[in-house]
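The lines below spell out each chain.
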Amino acid sequence: VSQVTIQNKAPTITEVSNQTTKPNTATGAIAFTVNDEDLNNIVVTVTLSEQGVVASSGIAIGGGLSNKTITLTPVNGVTSGSTTITITANDGTNEATIRTFTLMVQDLAPTISAIGNQGTNAGVATGDITFTVSDADTDLNQLIVTGTSSDQAAIPNTNIKMGGSEGNRTITVKGISAGTADVTIAVSDGNRTAIGTFSISIQNQAPTITEVIVTGK
């Protein structure tokens, strides 16, 4: 009598690439697939190596029997750190199958290009002074760009105007009295800030005399 042994194969889990997210920001739905001869008996669990970065309450598993997703929410207030995520699929018969990936929580600071020192006359605005900003993990149009003056008597903050969009920005400055002030540009992504500074010299304009025409008697 011949006997046929039918082996129940272990479930499989597709590979998940390493992920990054910003502080206080949940990841998108990270997709993975579980396959097995009997998906109804598969139990999928997710564990963390570092609960100080993502707590168990920050794990959300979604999807159906095979096509699944996981969403991870960092612990509120954590500005940087990493944790290893382990996905386990168990059919109750074979040795469990696992997949691991790393979640990195980080917020890269924005950057700002250098601006040379400037000069103009009192009461006369500079032209558009150009500079660039960048941020590896923030939409450039979401960056907050502000300008302040070290000498409000020479250049009030209200006389500093920011323009441009995305990575190409401009600043226009109008002084009201003679003096030299440092203008500081701050670029913030909401968590981290980059600073750029340049000096601007304000000169009083020389007086002018209109032409005088003398006619004889």
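Above this note sits the structure.
Residues numbered from 1 in each chain as written. Predicted model: local features only at pLDDT ≥ 70, side-chain atom pairs only at ≥ 80, totals over all residues. Heavy atoms only, no water.

Novice: Hey, could you run me through the overall build of the chain in this one?
Specialist: The helix and strand inventory of the chain stands at zero helices and 16 strands. For 217 residues, the compact-globule formula gives about 17 Å, and the C-alpha radius of gyration of the chain, at 31 Å, lies well above that figure. Taking the contacts inside the chain whose residues are at least 6 apart along the sequence as the reference set, 65% of them involve residues at least 24 apart. As displayed, the chain has an accessible area near 12500 Å², and 48% of this comes from carbon and sulfur atoms. Computing the positive centroid from 9 side-chain charges and the negative centroid from 17, the chain places the two 12 Å apart. (Helix = DSSP H or I, 4+ residues; strand = E, 2+ residues; numbered from the N terminus. Rg over C-alpha atoms; globule rule 2.2 N^0.38 Å. Contact = heavy atoms within 4.5 Å. Areas by Shrake-Rupley, 256 points an atom, 1.4 Å probe, with all protein chains shown as cover. Lys, Arg positive; Asp, Glu negative; His and termini not counted. Charge placed at Lys NZ, Arg CZ, Asp CG, Glu CD.)

Novice: Would you take a moment to explain the sheet that holds strand S2 (residues 19–21) for this structure?
Specialist: Two modes of strand pairing occur in sheets, parallel and antiparallel, and in both the strands are linked by backbone hydrogen bonds. Pairing in this open sheet of four strands is mixed, and the strands run S2-S8-S7-S4 from one edge to the other. Every other strand in the sheet has two partners, leaving S2 and strand S4 (43–48) as the edge strands with one partner each. Each strand axis lies, on average, 25 degrees off the axis of its neighbour in the sheet, ignoring direction. Note: strand S7 (residues 81–90) against strand S8 (residues 97–105), nine bridges, orientation antiparallel. If you follow Ile87 over to S8, its bridge partner there is Arg99. (Pairing = 2+ DSSP bridges. Axes fitted to C-alpha atoms, helices over the stretch in contact; angles between N-to-C directions.)

Novice: Sorry if this is basic, but what is going on with the environment of Asp128 here?
Specialist: Its place among the elements puts Asp128 in the loop between strand S10 (118–121) and strand S11 (129–134). Relative accessible area serves as the criterion here: at 56%, Asp128 is assigned to the exposed category. When the C-alpha atoms of Asp128 and Met162 are compared, they prove to be 9.1 Å apart, with 34 residues separating the residues in sequence. Not counting residues up to four positions away in its chain, the partners in contact with Asp128 are Thr170, Ile171 and Thr172. A polar atom in the side chain of Asp128 sits 2.9 Å from the side chain of Thr172. (Buried < 20%, exposed > 50% of the residue type's maximum accessible area, 1.4 Å probe, protein only. Polar contact = N/O pair within 3.5 Å; in protein donor to acceptor, adjacent residues only side chain to side chain.)

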